[in-house]
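Single-letter residue listing:
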Amino acid sequence: MRFMVIVKASKDSEAGVMPTERMLTEMGKYNEELVKAGVMLAGEGLQPSSKGARVRFEGKQRTVIDGPFSETKELVAGYWLWQVRSKDEAIEWLKRAPFTDNEEVELRQVFEMEDFGAEFTPELREQEKRLMDEIKKKK
């Protein structure tokens, strides 16, 4: 099963404060462990919301809202995508992450095709598989 690990934004990350060399070194070691164990599928840090935008959908109207966004607690600063056997395994890996005091990281299971049931018809499953294969070819 796959899990997305969501690293929440902070005042520092939103201000564009870059991590220290020590933090980058510790996170690099942690990421190496994840990769060697076959857990990490992807992981990235995100630029501050001041460099982003949101699009609000109201019927057929689309409204673009430029960042920054005020509610830091609702923002994402980075993520990992992990492949593990269980939620418990993901939690155990996350407990080893080199975060410091007062940081909170969210763990969310990613939907798999079989989670969607009968509404995800054989035709839709084939389309999804074809698209995923196409993405892999482009890497």
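Provided above is the structure to which this section pertains.
Parameters at a glance
- Throughout, residues of each chain are indexed from 1 in the direction in which the sequence is written.
- Reporting in this predicted model follows two pLDDT cut-offs: at least 70 for local features of residues, and 80 or more for side-chain atom pairs to be given and counted; totals over whole chains, interfaces and linings ignore these cut-offs and use all residues.
- By convention in this description, side-chain values take in all heavy atoms of the structure and omit both hydrogens and water.
- Runs of H or I in DSSP of at least four residues are treated as helices and runs of E of at least two as strands, each being numbered from the N terminus.
- Note on definitions: a residue-residue contact is assigned when non-hydrogen atoms from the two residues lie within 4.5 Å.
- For the purposes of this section, nonpolar cores are sets of buried Ala, Val, Leu, Ile, Met, Phe, Trp, Tyr and Cys residues that join through side-chain atoms within 4.5 Å.
- Each residue's exposure class comes from its accessible area (1.4 Å probe, protein chains only) as a fraction of the maximum for that residue type: buried when under 20%, exposed when over 50%, partly exposed otherwise.
- For two strands to be treated as a pair, DSSP must find no fewer than two bridges joining them.
- Axis lines are fitted to C-alpha atoms, over the contacting stretch for helices. Their N-to-C directions set the angle, which ranges from 0 to 180 degrees.
- Helices are assigned an expected span. That span is 1.5 Å times one less than the residue count.
- Residues qualify for a patch when their relative accessible area is over 30% and they have no salt bridge, like charges being joined within 9 Å and the nonpolar side chains of Val, Leu, Ile, Met, Phe, Trp and Tyr within 5 Å.
- Under the convention used here, a 1.4 Å probe and the Shrake-Rupley method define accessible areas, while residue burial counts only the protein chains that appear.
- Criterion for a salt bridge: a side-chain nitrogen of Lys or Arg within 4 Å of a carboxyl oxygen of Asp or Glu.

Can you tell me about the overall build of the protein, naming the residues and giving the values?
Secondary structure summary: the protein contains four helices and six strands in total. Of the regular secondary structure in the protein, the N- to C-terminal order runs β-α-α-β-β-β-β-α-β-α. Seen along its three principal axes, the alpha-carbon backbone of the protein occupies a region of about 50 × 45 × 30 Å. Contacts in the protein between residues far apart in sequence, at least 24 positions, make up 73% of those at least 6 positions apart.

I'd like a rundown of the nonpolar core, residues and numbers included.
Grouped together as the largest cluster of nonpolar side chains are 15 residues, with contacts concentrated most on Y30, L34, V39, W80, W82, V84 and W93. Counting residues per element, the ones that place at least two in this core are β1 (2-8), α2 (21-36), β5 (76-83) and α3 (87-95). Here this core takes four residues from α2, the largest share from any one element. Setting aside its immediate chain neighbours within four residues, W80 contacts F3, M4, V5, V7, M27, Y30, N31, L34, M40, A42, G43 and F99.

Could you give an account of the environment of P19, naming the residues involved and the relevant values?
Following the sequence through the fold, P19 ends up in the loop between α1 (11-14) and α2. Using a relative accessible area of 41% as the deciding quantity, one classes P19 as partly exposed.

Quick one: what's the story with the sheet that holds strand β2 (residues 40-45), residue by residue and with numbers?
The antiparallel open sheet is built from four strands, whose spatial order is β2-β5-β1-β6. Bordering the open sheet on either side are β2 and β6 (105-109), each of which pairs with just one other strand. In this sheet, neighbouring strand axes are inclined to one another by 15° on average, regardless of whether the strands run parallel or antiparallel. Relative to β5, β1 runs antiparallel, the two being bridged by seven bridges. Considered in β5, the bridge of I6 is made with Y79. Where α2 meets the sheet, its contacts fall on β2 and β5, and the angle it forms with β5 comes to roughly 25°.

So, α2: which residues are in play, and what are the values?
In a regular helix each residue adds 1.5 Å, so 16 residues correspond to 22 Å; α2 covers 22 Å between its end C-alpha atoms and thus fits that length. Structurally, α2 contributes buried residues whose contacts are with β2, β5 and α3. Backbone geometry just after α2 places G38 at a positive phi near 75°.

Go over the pairing of strand β4 (residues 61-66), please, and point to the residues and values.
Of all six residues that make up β4, zero are buried, and the element is exposed over most of its length. Note that strand β3 (residues 53-58) and β4 share six bridges and pair antiparallel. Residue pairing for β4: V55 is matched across the bridge by V64. Between β3 and β4, which follow one another and run antiparallel, lie two residues, and G59 among them has a positive phi close to 60°.

Quick rundown of a nonpolar patch on the surface? Include the residues and the values.
Together, V55, F57 and V64 give the surface a local cluster of nonpolar side chains, amounting to about 310 Å² of exposed area. Topologically, V64 is positioned in strand β4.

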